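# Summary of the model geometry
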Amino acid sequence: MSDTQPRAPERRGSSLDQETVESLERRLSHRPDKDELMDRNILKDDSVAPALQAAKEKLQRSQLEDKLSHALQQRPKPEELMEKG
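## Some details on the overall build of the protein
Counting its regular elements, the protein contains four helices and zero strands. Helices (α) and strands (β) of the protein occur, in sequence order from the N terminus, as α-α-α-α. By the burial criterion, 4% of the 85 residues in the protein qualify as buried. A total of about 9,000 Å² of accessible surface is found on the protein, and carbon and sulfur atoms cover 51% of it.

In structure tokens, the structure reads:
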């Protein structure tokens, strides 16, 4: 019997040079966190299931359109504004 020890996996050489690796690490370390991206509306709120997210956005847009339409109906007409000066 021969004593064979498990061989450590060989590491593949990186196809990136050291300068590129350092640049990527530097940029990744300054990347904004998830909360900041959500505040800036880059990421969507993940508290809603992805299957429902489109329906939620459609409902919110519809509610906003209704609110805007109501506000436009309530504003004074140009004639009324001219009478008031």
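What follows continues from the structure just given.
## Some words on the layout of surface pockets
Unfilled space is identified by rolling a water-sized probe across the atoms. What the largest pocket holds in volume is close to 190 Å³. Residue lining of the largest pocket: Met 38, Asn 41, Leu 43, Lys 44, Asp 45, Gln 53, Lys 56, Glu 57 and Gln 60, and that is the complete set. The leading source of residues in the lining of the largest pocket is helix H3 (residues 50-74), at four residues. Its residues assigned to classes, the lining of the largest pocket comprises two nonpolar, three polar and four charged.

## A short note on a negative patch on the surface
A surface patch of negative charge is lined by Asp 17, Glu 19, Glu 22 and Glu 25. Following the sequence through the fold, Glu 19 ends up in helix H1 (residues 18-29). Judged by relative accessible area, which is 63%, Glu 19 ranks as exposed.

The rules behind the values
- Residues numbered from 1 in each chain as written.
- Predicted model: local features only at pLDDT ≥ 70, side-chain atom pairs only at ≥ 80, totals over all residues.
- Heavy atoms only, no water.
- Helix = DSSP H or I, 4+ residues; strand = E, 2+ residues; numbered from the N terminus.
- Buried < 20%, exposed > 50% of the residue type's maximum accessible area, 1.4 Å probe, protein only.
- Areas by Shrake-Rupley, 256 points an atom, 1.4 Å probe, with all protein chains shown as cover.
- 1 Å grid on protein atoms, 1.4 Å probe; cavity = no way out; pocket = protein on both sides within 12 Å on 5 of 7 lines; lining within 4 Å.
- Points joined across faces, edges and corners; volume = space filled by probe spheres on them.
- Nonpolar A, V, L, I, M, F, W, Y, C, P; charged D, E, K, R; others polar.
- Patch = residues over 30% accessible without salt bridge, like charges linked within 9 Å, V, L, I, M, F, W, Y side chains within 5 Å.
- Salt bridge = Lys/Arg side-chain N within 4 Å of Asp/Glu carboxyl O.
- Lys, Arg positive; Asp, Glu negative; His and termini not counted.
- Charge placed at Lys NZ, Arg CZ, Asp CG, Glu CD.

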